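Residue-level structural notes
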Amino acid sequence: MADQMQNQANELRYVSTRGTAPVLGFEDVMLAGLARDGGLYLPDVWPRFTPADIQAMSGLSYAQTACRVMEPFVGSDIAREEFAEIVEAAYATFSHSAVTPLVELGSGQWLLELFHGPTLAFKDVAMQLLGRLMDRTLKRRGGRATIVGATSGDTGGAAIEAFAGRESVDIFILHPHGRVSDVQRRQMTTARADNVHNIAIKGTFDDCQALLKALFNDLEQRDRLSLAGVNSINWARIMAQTVYYFVSAAALGAPERPVRFCVPTGNFGDVFAGYAASRMGLPIDRLVIATNVNDILVRTLKSGRYEPNAVVATSSPSMDIQVSSNFERLIFEAAGRDSVRVCQLMDDLAGQGSFTLSENELAFLRSAFAAEAVDEEQVERTIREVARETGYVCDPHTAVGIAAARRQHTTRIPVVTLATAHPAKFPDAVEAATGKRPDVPSRLEEKLGADERFEIIDNDYDALVAFIEARARVVAEPRA
Ligand SMILES: *Cc1c(COP(=O)(O)O)cnc(C)c1O
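Below, the discussion takes up the site of the ligand. Neighbouring the ligand are 15 residues; Lys123, Asp154, Gly266, Asn267 and Thr420 lie closest to it. Interatomic distance of 2.7 Å between a side-chain N/O atom of aspartate 154 and an oxygen atom of the ligand. Between the ligand and the protein, one listed contact pairs an oxygen atom with a backbone N or O atom of phenylalanine 268 at 3.1 Å. Computed on the free molecule, the ligand has an accessible area of 380 Å², of which 97% lies beneath the protein chains in the complex.

Spelled out as structure tokens, the structure:
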């Protein structure tokens, strides 16, 4: 007992970027998603790995490294052996034995393939773990949750795949009716489990997001439905994404040799995981933020001014984002973890439509990050050239990363571009660039032929709430 109390005293806790939400442990942060003060949770201190710790990772399996990297974040909330079993099961769903294999594109140029999970995009890496961890925590606590999410692309499919059939949750995914690709829609709507509810909203993706936001800000409904968020601001997803930075850097010679990473970026979750890895002791010389023409982060790094424009639709839809939610976490770090300053900047954004970083804050960002915007013509050319020069066929999101990496090339150290989706998810863009449709993996082919199930409802808050209330088991079977 005394030992356990000692342990808990040393454990890291999670604080909100806005400073007024309760300080929580791992399981509560995972279930909360967004903090109640509107901020995002971060560990109160970064755990550190020594060079010897990192050296030792090069001989381990993906799941073994994952346990070592994530254990400090999970702490005593989950026993070590149980956590190891959950991690093992999550990554057994990947079709490649290395889970996230490295492929050499050219001398010193690497791709880290993150798309070997069930829905062929990198969202599976975090979601397969999150689904199991949430289910376990809810079961242990004797509770149930209602997951509601909105998707324009890959998140919905990955979340449904991770939560389908789990006794402790009902999952509702909103997508804009008639506005997602065939492959993406079928990945969601062919799920057969009773706890999965696909909702096609008669509106745009922005309408879906507005409905979702209204629901989470309705604190009475939030508590009544026991709402849980699984979008990319959930800390557990970022945590799971730090792992492949360690796995790949260790394979390429870290800790002796530093590595540069280039990350196709939308909501800033993936690249923030890279920042977290560097704070944990991984020698990353630079993180390159690769965006499509929705280039708010490139403009911010140049001028210090963060100002969303209208979203432009591109061939890399999962990066068609102007408000990069996870960027708030980096601002918190750049401001020396001053939550009053973060609140001030977020007020500026809400009130005037932009905020401006101080010289010091901007210098902090520039010391760790570079940013490159890649237009549609360059994306197409990159897919074509890479296929012709190397035989490797990449998807448009990965192509944004490769084009940015080529501009940030160095001969000194390896440059690793994160390959975030399988080309078969975006067959039209690939065919337009190469003249050939990509091969469809069998796990996707099965889905493409199966029956679809979804409900079409109006873009109306009350209609949405009525739909969810009628089906969420949290409401039907109230907790004692
Ligand atoms: C979600 C997604 C991204 C962007 O990742 P963020 O964490 O939002 O920056 C890039 N590529 C693909 C294929 C994605 O699904």
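Time to look at the nonpolar core. By size, the foremost hydrophobic cluster in this structure holds 110 residues, and its most contacted members are Phe26, Tyr91, Leu129, Trp235, Tyr245 and Phe261. Considering every element that reaches this core, the biggest residue donor is helix α11 (residues 235-251), with 12 residues. Tryptophan 235 has contacts with Tyr14, Phe26, Val29, Tyr41, Leu42, Pro43, Trp46, Phe73, Phe272 and Arg329, leaving out every residue within four places of it along the chain. Judged by nonpolar contacts, the second largest core, of 22 residues, contains Val386, Ala405, Ala419 and Ala433.

Along the chain, alanine 399 falls in helix α18 (residues 396-407). Along the backbone, alanine 399 and isoleucine 173 are 226 residues apart, and their C-alpha atoms lie at a distance of 28 Å. The contacts of alanine 399, once residues within four sequence positions are left out, are Val379, Thr382, Ile383 and Cys394.

Read from one edge to the other, the open sheet built from 6 strands follows the order β3-β4-β14-β9-β10-β13, with strand pairing classed as mixed. Among the strands making up the open sheet, the edge pair consists of β3 (102-106) and β13 (369-373). When the angles between neighbouring strand axes are averaged without regard to direction, this sheet yields 25°. In terms of strand pairing, strand β4 (residues 109-113) meets strand β14 (residues 415-419) through 5 bridges, oriented parallel. Directly across from leucine 111, in β14, lies its bridge partner threonine 417.

Time to look at the packing of helix α14 (residues 327-334) against helix α15 (residues 339-352). Between α14 and α15, the shortest axis-to-axis distance is 9 Å and the interhelical angle comes to 135°. By the angle between their directions, the pair α14 and α15 is classed as oblique. The handedness of the crossing between α14 and α15 is right-handed. Here Glu328, Ile331 and Phe332 of α14 come into contact with α15, specifically with Ser339, Val342, Leu345 and Met346.

Attention shifts here to the packing of aromatic side chains. Applying the stated rule across the entire model yields 18 aromatic pairs. Here the aromatic rings of tyrosine 14 and tryptophan 235 are separated by 6.0 Å at their centres, their planes lie at 50°, and the arrangement is tilted. Taken together, the residues tyrosine 14 in strand β1 (residues 14-16) and tryptophan 235 in helix α11 connect sequence positions 221 residues apart. Accessibility classification places tyrosine 14 together with tryptophan 235 in one group, the buried group. Between phenylalanine 268 and phenylalanine 369, the ring centres sit 5.9 Å apart and the planes meet at 40°, which makes this aromatic pair tilted. Placement of phenylalanine 268 in the loop between β9 (259-264) and α12 (269-279) and of phenylalanine 369 in strand β13 is noted, with a sequence separation of 101 residues between them.

Thresholds, definitions, all that
Residues numbered from 1 in each chain as written. Predicted model: local features only at pLDDT ≥ 70, side-chain atom pairs only at ≥ 80, totals over all residues. Heavy atoms only, no water. Near = heavy atom within 4 Å. Polar contact = N/O pair within 3.5 Å; in protein donor to acceptor, adjacent residues only side chain to side chain. Areas by Shrake-Rupley, 256 points an atom, 1.4 Å probe, with all protein chains shown as cover. Core = buried A, V, L, I, M, F, W, Y, C linked by side-chain atoms within 4.5 Å. Buried < 20%, exposed > 50% of the residue type's maximum accessible area, 1.4 Å probe, protein only. Helix = DSSP H or I, 4+ residues; strand = E, 2+ residues; numbered from the N terminus. Contact = heavy atoms within 4.5 Å. Pairing = 2+ DSSP bridges. Axes fitted to C-alpha atoms, helices over the stretch in contact; angles between N-to-C directions. Parallel < 35°, antiparallel > 145°, perpendicular 65-115°, else oblique. Left-handed = near helix turned anticlockwise from the far one by under 90°. Phe/Tyr/Trp six-rings, centres within 6.5 Å; stacked < 30°, edge-to-face > 60°.

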